[in-house]
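Residue-level listing of the chains:
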Amino acid sequence: MAELIRVQVMLDKSDQDELREIAQEQGKSVSELLRELVRRYLEEQRRAESEQFRRTLAKLREIRERNAARYGAYEGDLMREVREDYEREQEEKWQ
């Protein structure tokens, strides 16, 4: 198990009572139940971020395809060309 760190949380009395009841029904401590809830929430957030990232990539792909159809696609190796230009500029500076 990972290192546990003490955290203080303020809850409404009714929420605390409900958590205690659920924890007791599941044979767990309230702390264990809260750790599970936090883990689930964090996993849900990571999944949501990943899904948003996938949607953004799909939108960018769509834009790229639309622009390629409209304007054509660049056939060169842009990164190589930029790198060569940069290296040429550096050589000129040092000569």
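See above for the structure.
Residues numbered from 1 in each chain as written. Predicted model: local features only at pLDDT ≥ 70, side-chain atom pairs only at ≥ 80, totals over all residues. Heavy atoms only, no water.

Participant: Would you mind showing me how to read the environment of Val30 here?
Facilitator: With respect to the helices, strands and loops of the structure, Val30 is situated in helix H2 (residues 30-71). Under the relative-accessibility criterion, Val30 is labelled partly exposed at 25%. Separated by 37 residues in sequence, Val30 and Asn67 place their C-alpha atoms 55 Å apart. Leave out the neighbours within four places in its chain, and Val30 touches Leu19, Arg20 and Ala23. (Helix = DSSP H or I, 4+ residues; strand = E, 2+ residues; numbered from the N terminus. Buried < 20%, exposed > 50% of the residue type's maximum accessible area, 1.4 Å probe, protein only. Contact = heavy atoms within 4.5 Å.)

Participant: Hey, could you run me through the layout of surface pockets in this one?
Facilitator: Empty space among the atoms becomes apparent when a probe as large as a water molecule is rolled across them. Considered as a void within the structure, the largest pocket measures approximately 550 Å³ in volume. The wall of the largest pocket is formed by 16 residues, among which Ile5, Val7, Ser31, Leu34 and Arg35 lie closest to the centre. Each residue belonging to the lining of the largest pocket can be placed in one class, and the counts come to 10 nonpolar, two polar and four charged. (1 Å grid on protein atoms, 1.4 Å probe; cavity = no way out; pocket = protein on both sides within 12 Å on 5 of 7 lines; lining within 4 Å. Points joined across faces, edges and corners; volume = space filled by probe spheres on them. Nonpolar A, V, L, I, M, F, W, Y, C, P; charged D, E, K, R; others polar.)

Participant: I would appreciate a short explanation of the pattern of salt bridges in the present structure.
Facilitator: Once the charged atoms of two side chains with opposite charge are near each other, the side chains can pair. For the coordinates displayed, the defined rule picks out 10 salt bridges. Here Lys59 ties to Glu62 by a salt bridge, and the two come within 3.5 Å at their closest N and O atoms. In this pair, Lys59 and Glu62 both sit in helix H2, three residues apart, roughly one turn of the helix. Taking the relative accessible area as the measure of exposure, Lys59 reaches 44% and is therefore partly exposed. The class of Glu62 is partly exposed, set by a relative accessible area of 37%. A salt bridge links Arg88 to Asp85, with the nearest nitrogen and oxygen atoms 2.2 Å apart. Linking Arg88 with Asp85, this pair stays in helix H3 (residues 78-94), spanning three residues, or about one helical turn. What makes Asp85 partly exposed here is its relative accessible area of 38%. Beyond isolated ion pairs, a larger network of salt bridges with shared partners links Lys28, Glu36 and Arg40. (Salt bridge = Lys/Arg side-chain N within 4 Å of Asp/Glu carboxyl O.)

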